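Listed below are the residues making up each chain.
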Amino acid sequence: MTRTQRLPSFSSKRAWLACGLLLAVAAIFVHAAHVHGSEGGDVPATRMHVGATGAGLPRHEAGLSAHRAEAVKRTVRSVWGAYRKYAWGADEYNTVRHTPIYWDAHAKQAVTLVDALDTLHFCGLSAEYAEAVGWLKAEFDYRPTIHVNVFETTIRVIGGLLAAHALTGDRDLLEFATRVADALAPVYNQSNLENGTFPRSTYNPASQQPGGSVLLADLGSVQLEYRYLSRATGNRAYAQRADSFFLRAIASTRQSGMLGQSYSAKKGFSTRVGTGGPSDSYYEYLLKMYLLTGEKERVFVEAWGRAADAIAGVLAHPFREGSSSEMWIRLGDLNRTDGTLDACPTDHTFEHLSCFVPGMLALGAQFFDAGRASRHMRVAKGVLRLCVNLYFNSTTGLAPEAVKIHPETKRVFPFRPNYLLRPETAESLFYLWRATRDPVYRDWGWRIFEAIERHCQVCRGCEVSGYSEISDVHAASPRLTGRQESFFIAETLKYLFLLFSDDAVLDLDCWVLNTEGHPFPKFAPEGKRANIPEKCKKV
């Protein structure tokens, strides 16, 4: 065995017992994961209630899920241990070269460490969590000297710090989040919002210069973080900055429900709309701002309803791949002309990033009447079937970054064959499980987790040294790139852990997850009575 290579598949785990791996692993993996499940009828338009435990499950199923959750927890511990050993305090970590990666060597922000805090908390890894917080209290010093991505810094760093504060009450973490927000604040002041422009995507706090383009997801995916920061600090300025341009963007969607993927001061929003990378979390935050604020600010849910209807009614295209008897649904980009959406797709590419949509539709269906909710759930299930089959139909059992779908034959062809440890499918499996209680979603999630273990795990000698993106999901022995982004532990592993865990680990009646998987507690806007259960008042 070379110094850097994948650990063997589960079928050969016995060879690793001499290296100190747990004997219990073999028992966990003898359970077969089903390709197909019941995936029953559409859920009615009722609230997504989540009980305190999994007591209603059959005993064997509850035991199986507990074993699976424990397996994911061990992977979290392995990922964390490798980061601690080879890249402690760094932003990311090259798992093949065993070298740290810094976004900015002068900004002691430890992105992976911060992004992982609430995952460690949920998994009950208290010693690891305490050590991470200890590093932050001794070393955290946000003083970037280069252009930083405002969106990524907000959702990962500010979001991670705020979530850990919300879960534990640690005021130091709130102070660190405030420092980062204050360093980025001028990007909003310099936007000349009254003149109709939007914040740029990057900002250099040292030179106080904004840069980059304006993407819809960037301008519309910071509101949860700043709204909760205002709530936690009592300083309304944070929410006011973020809400001002968010509300102006919403006002532009009253006819079609959708906005162009990018914006320029000269031309306004572009004509192309979709649910992929340039746009995705803007639509997610329409729904989640309504949830965060105790379901009292209807401007958000009304905008979300228009967007969800457009996604389910215009962007969604049912099809059968080859001779398959299953109906899949893909989401295609469209053109927006004079405020209306064209019916014909402009592109036949489907990105893994769009696999978050089923979860978003399932989470939002609770606010619609039965007929509308049923339509949205049908689309959610159809898109998710496409997403999981992109995993199951590849050589490795992992999904490519993007595929092309032939407009006539409906055959699916690889387009970008690399797998980036992305979380979107696991996220949707989690929300569909909570909405329907259909065990097929847990079984699908387990198959994906097994494939990650087989093909993405990296070791050095007898020791797991992290996980890696792979170059080609259709290759028998794909190349490991060494890239392990912080979202792998912040989202992918967290959603898989939550998928197999009791509801009490994260009660969706009380918490809202940001687009990086960080939880914020629901609260009532000032002077309003919120629709929040009594059990959440202690949060």
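Our subject is the structure listed above.
Within each chain, residues carry numbers counting from 1 in the order of the written sequence. Reporting in this predicted model follows two pLDDT cut-offs: at least 70 for local features of residues, and 80 or more for side-chain atom pairs to be given and counted; totals over whole chains, interfaces and linings ignore these cut-offs and use all residues. Only heavy atoms go into the side-chain values, all of them from the structure, while hydrogens and water stay out.

**Some thoughts on the nonpolar core**
Across soluble globular proteins, nonpolar side chains have a tendency to be buried as a group.
Alright, step 1. Ranked by size, the top nonpolar core spans 166 residues in total, and within it Leu113, Leu136, Tyr226 and Phe350 carry the most contacts.
Alright, step 2. At 12 residues, helix α14 (residues 370-392) tops the list of elements feeding residues into this core.
Alright, step 3. Whether two residues are in contact is decided by their heavy atoms: any pair within 4.5 Å suffices. Look past the residues within four positions of Leu136 in its chain and what remains in contact with it is Leu113, Val114, Leu117, Leu161, Leu173 and Phe176. Joining through side-chain atoms within 4.5 Å is the link that ties buried Ala, Val, Leu, Ile, Met, Phe, Trp, Tyr and Cys residues into a set, and such a set is a nonpolar core. Three labels apply to residues, based on accessible area from a 1.4 Å probe with only protein chains included: buried if under 20% of the type maximum, exposed if over 50%, partly exposed otherwise in between. Going along the chain from the N terminus, every DSSP run of H or I of four or more residues is numbered as a helix, and every run of E of two or more is numbered as a strand.

**Some points on the state of the cysteines**
Alright, step 1. The definition used for a disulfide is geometric: two cysteine sulfur atoms within 2.5 Å. Evaluation of the coordinates by the stated rule reveals 2 disulfides.
Alright, step 2. Shown here is the disulfide that connects Cys355 with Cys387, its sulfur atoms set 2.1 Å apart. One quick way to see it: the torsion about the S-S bond of Cys355 and Cys387 is about -100°, and its sign makes the bridge left-handed. Of this pair, Cys355 sits in the loop between β15 (349-351) and α13 (357-364) while Cys387 sits in helix α14, placing them 32 residues apart in sequence.
Alright, step 3. Residue class for Cys387 comes out buried when judged on its relative accessible area of 1%.
Alright, step 4. Cys510 shares a disulfide with Cys536; S-S distance 1.9 Å. Because the sign of the S-S torsion sets the handedness, a value of about -75° for the bond joining Cys510 and Cys536 places this disulfide among the left-handed ones. With Cys510 in the loop between α17 (487-500) and β21 (511-513) and Cys536 in the segment after β22 (519-521), this pair connects stretches of sequence that are 26 residues apart.
Alright, step 5. Relative accessible area serves as the criterion here: at 5%, Cys510 is assigned to the buried category.
Alright, step 6. Overall, Cys536 belongs to the buried group, its relative accessible area being 6%.

**Let's talk about the pattern of salt bridges**
Alright, step 1. When a carboxyl oxygen of Asp or Glu lies within 4 Å of a side-chain nitrogen of Lys or Arg, that pair is called a salt bridge. Counted under the stated rule, the structure contains 27 salt bridges.
Alright, step 2. Between Arg179 and Glu175 there is a salt bridge; the shortest N-O distance is 3.6 Å. With Arg179 and Glu175 both in helix α6 (residues 171-184), this residue pair falls 4 residues apart, about one helical turn.
Alright, step 3. In this structure Glu175 comes out as partly exposed when scored by relative accessible area, which is 39%.
Alright, step 4. The closest approach of N and O atoms between Arg422 and Glu401, which form a salt bridge, is 2.9 Å. Here Arg422, found in the loop between β17 (412-416) and α15 (424-436), pairs with Glu401, found in the loop between α14 and β16 (402-405); they are 21 residues apart in sequence, far enough to count as distant.

**Description of the packing of helix α4 (residues 126-139) against α6**
Alright, step 1. Axis definition: a line fitted to C-alpha atoms, over the contacting stretch in the case of helices. Angles run 0 to 180 degrees between N-to-C directions. Close contact between α4 and α6 brings their axes to 11 Å; oriented N to C, the two are set at 50°. Here α4 is positioned oblique relative to α6, judged by the angle of their axes. Judged by the twist between their axes, the crossing of α4 over α6 is left-handed. Of the residues in α6, those touching α4 at Tyr129, Val133, Leu136 and Lys137 are Asp172, Leu173 and Phe176. Here roughly perpendicular refers to angles of 65 to 115 degrees, roughly parallel to angles under 35, roughly antiparallel to angles over 145, and oblique to all remaining angles. Each crossing is labelled by how the near helix is turned from the far one, with a counterclockwise turn of less than a right angle marking it left-handed and a clockwise turn marking it right-handed.

**Topic: helix α9 (residues 223-233)**
Alright, step 1. Counting buried positions over the 11 residues of α9 gives 9, a clear majority of the element.
Alright, step 2. Of the residues making up α9, those classed as buried are Gln223, Leu224, Glu225, Tyr226, Arg227, Tyr228, Leu229, Ser230 and Ala232.
Alright, step 3. Immediately beyond the C-terminal end of α9, within one or two residues, lies Gly234, with a positive phi of roughly 80°.

**Some details on the packing of α15 against α17**
Alright, step 1. The contact between α15 and α17 brings their axes to 8 Å, and the two run at 25°. On the basis of their axis angle, the class for α15 and α17 is roughly parallel. Crossing handedness for the pair α15 and α17: left-handed. Together, Ala426, Glu427, Leu429, Phe430 and Trp433 of α15 and Thr492, Tyr495, Leu496, Leu498 and Leu499 of α17 make up the contact between the two elements.
Alright, step 2. In the contact of α15 with α17, the residues fall into 8 nonpolar, 1 polar and 1 charged. Classification used: nonpolar for Ala, Val, Leu, Ile, Met, Phe, Trp, Tyr, Cys and Pro, charged for Asp, Glu, Lys and Arg, polar for all others including Gly.

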